[in-house]
Amino acid sequence: MSISLGQPCDEGLVLSKGATAPCTESSARWILVATILGSSMAFIDSTVVNVALPALQSSFRTTVVDVQWVIESYGLFLSAFLLGVAVFALASLWCGLAQNIAQLIAARALQGLGGALLVPGSLAIIGASFSEKSRGRAIGTWSAFTAITTAIGPVVGGWLIEQVSWRAVFFINLPLALVVVIISFFHVPESRDEKERQKLDWAGAMLTVIGLGLLTYGLIESSRSGFANFTVIGTLAGGAVVLLLLVAFEARVSNPMIPAALFRSRNFSGANLLTFLLYGALGGALFFFPLNLIQVQGYSATAAGAALLPFTLILFFLSRWGGGLAERVGARTTLVMGPMIAAAGFVLFTFPSVGGNYWQTFCPAVVVLGLGMATSVAPLTATVMNAVTENRVGIASGINNAISRGAALLAIAAFGIVMLHVFNHSLDKHLSTLELSPTVRRSLDAQRVRLAGATLPDEVAPPMRVVIQQAINDSFVEGFRYVMFIGAGLAMASAISSFVLIDGKRNSP
C-alpha cells in the first residue's frame, strides 16, 4: 500500500493523481487509525520488552550484555530496512517461541526488519494525506494515540509476565497486526505516483547495518572485555570505516537511501541533530529504568510497566497541543523549550536512592520528562516533514526515524559502558569494607556484568547476604545516576542545536 504524494487537501485524504474518489473526513480518520495502530506495534515493542529484561536475564541465566543485544538487535535492523507488518507479526511469534537467548536475539533482529516500515511509513502517509496547514495537528493526534497504546503495552506486558510468561508479551502484536491489515485492506486506498518509483538502495542499507552493527558490538563487548581487547578495537575501527564508506557511497549513487541534498536544509539538519541527541538520551537512559525498578527497588513487572504511565498519558493528552503550540509560536521555540524540560526530568531521576514511595521518588521525574517530550515530539516531526518537498516526505520521515533508532542503539551500548564502570568502582568500595571468603569474592566478580541481577552463593549467611545485596543495589543506583546525568546533558545539547539551526521556516532542498 502506498499513497500518492500529490497536493493534500485540508479536509484530509489525498488519492493518486487523476483519481475521482472524494476527499472525506471518514477516509482521513481511517488513515489515522491504520497509521496509529501500525506505528503502535513498533512503539509497544520498544517499551514492553524493557519490562521483560529482568525476567529474560533470570530465565536464560544470562548477563546484561546479552539482554542488551535483545534490544540492540531489534534497533540495529530497524534503523535500516523498510519491510512490513506481516514480517513483524511473524517475528513476534518467533520471539514468543524462542528457546534460548540466541534465538530471541535473531527473532528480534527479524522483528526490526518488519518494524522498519511502520513508523516512517505511517508518517509518509500522514504527510501525503494532510496539508501543511493541518499536518501539525494530525501528527499531534498520531503522536497522542500511539503514546496511549504504547502506555498500555508495558502494563499489560508486566501483568502477562507475572501471570503467564515473558513469552506472552511478544504475542500482543499479533491482534494489532491483524487489525491494521483489515483496516488497510478495506479503508485505505491503494495508490502510487508512478513517476516516483525507484530501486531500493540495498547496498546503502547493508552498509548501514554493518557499520552500526560493528560499532554496537564493539561498544557492548567492551563492557566485558575492555577497550584494549583486539576484537573490540577491530570492530570499532571497522564500524567507523564502513560508515565513512557509506557516506562516500551515498554521494555517488542515483537513488541514495540518505540523500545528502536533504541536509542542505538547516531545519532538516537541525531537527535530525536534535533527534539524535534527545532520542539517544531517552533510549539509553530508559533502558536501565525497568532494571532499577524490578531488580533494585523491588517492583513487580506490572508495577514497573505502569511506572511510565504518567509519561505516556502526558504524551497522549498534550501532543496535539504541542503541535498547535509550534504552529503559534514557531518550531524553534518549542524545540528549545521541550528538550530543556526533558533535561530537568532526567536530572530528577538522579535523586531517588533505594526504597521510597513511587509518587515521591520517580513519578516527578517521569512527569517532567513527559512534559518535555510532549512539547517536542509533534513539532519535531512536523519540522522534519515541512523541511522537504512533498515527494520526499516519506524519505525524510524514514531518515528521521532511522536516526532516532540508531541514536538509541548507540546510546544503550555507550551508556552500558558507563553503567558497568561506575557500578564496578562503587561495588569495589563497598566490598573492600567486608570480610568475604575467596569463593564469594570470585562468585561476585564473575557476575559483575549482570549488575543488579547478580545472585549470591548459598553459603552466604542471611545477615551478610543483606549487606552484600545492599552494596549491589547502591552501586547500581550510583551508575543509574551517572547515566541520567549524561541523558540530561544530551537533552540540553539538543536544545542548543535547535536554537542554533532551526529557524521555523520551511526550507525545501
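Remember, it's a predicted structure, so these values are computed and weren't measured experimentally. (Residues numbered from 1 in each chain as written. Predicted model: local features only at pLDDT ≥ 70, side-chain atom pairs only at ≥ 80, totals over all residues. Heavy atoms only, no water.)

A.B. asks: Quick question: what am I supposed to make of the side chain of T350 here?
C.D. replies: The topology assignment puts T350 in the loop between helix 14 (331-348) and helix 15 (363-386). Given a relative accessible area of 8%, T350 falls into the buried group. Among the polar contacts listed, one links the side chain of T350 to the backbone oxygen of V347, at a separation of 2.5 Å. Non-local contacts of T350, meaning those with residues more than four positions away in its chain, are made with R481, M484 and F485. (Helix = DSSP H or I, 4+ residues; strand = E, 2+ residues; numbered from the N terminus. Buried < 20%, exposed > 50% of the residue type's maximum accessible area, 1.4 Å probe, protein only. Polar contact = N/O pair within 3.5 Å; in protein donor to acceptor, adjacent residues only side chain to side chain. Contact = heavy atoms within 4.5 Å.)

A.B. asks: What's the story with the side chain of R448 in this structure? I'm lost.
C.D. replies: Position of R448 relative to the elements: it lies in the loop between helix 17 (438-446) and helix 18 (462-501). For R448, the side chain forms a polar contact with the side chain of N424, separated by 3.3 Å.

A.B. asks: I'm lost on the packing of helix 14 against helix 18 in this one. Help?
C.D. replies: A pair of packed helices is captured by two measures, namely the crossing angle of their axes and the spacing between those axes. Contact geometry for helix 14 and helix 18: axes closest at 8 Å, N-to-C directions at 170 degrees. Judged by the angle between their axes, helix 14 and helix 18 are roughly antiparallel. Along its contact with helix 14, which presents R332, L335, V336, P339, M340, A342, A343, F346 and V347, the element helix 18 presents M484, G487, A488, A491, M492, S494, A495, S498 and F499. For the contact of helix 14 with helix 18, a count of residues per class yields 14 nonpolar, 3 polar and 1 charged. (Axes fitted to C-alpha atoms, helices over the stretch in contact; angles between N-to-C directions. Parallel < 35°, antiparallel > 145°, perpendicular 65-115°, else oblique. Nonpolar A, V, L, I, M, F, W, Y, C, P; charged D, E, K, R; others polar.)

A.B. asks: Just to check I follow, could you spell out a nonpolar patch on the surface for this structure?
C.D. replies: On the surface, a nonpolar cluster with roughly 320 Å² of combined accessible area is contributed by I496, F499 and V500. Inspection of the secondary structure puts F499 in helix 18. On the basis of relative accessibility, which here comes to 54%, the residue F499 falls in the exposed class. (Patch = residues over 30% accessible without salt bridge, like charges linked within 9 Å, V, L, I, M, F, W, Y side chains within 5 Å. Areas by Shrake-Rupley, 256 points an atom, 1.4 Å probe, with all protein chains shown as cover. Salt bridge = Lys/Arg side-chain N within 4 Å of Asp/Glu carboxyl O.)

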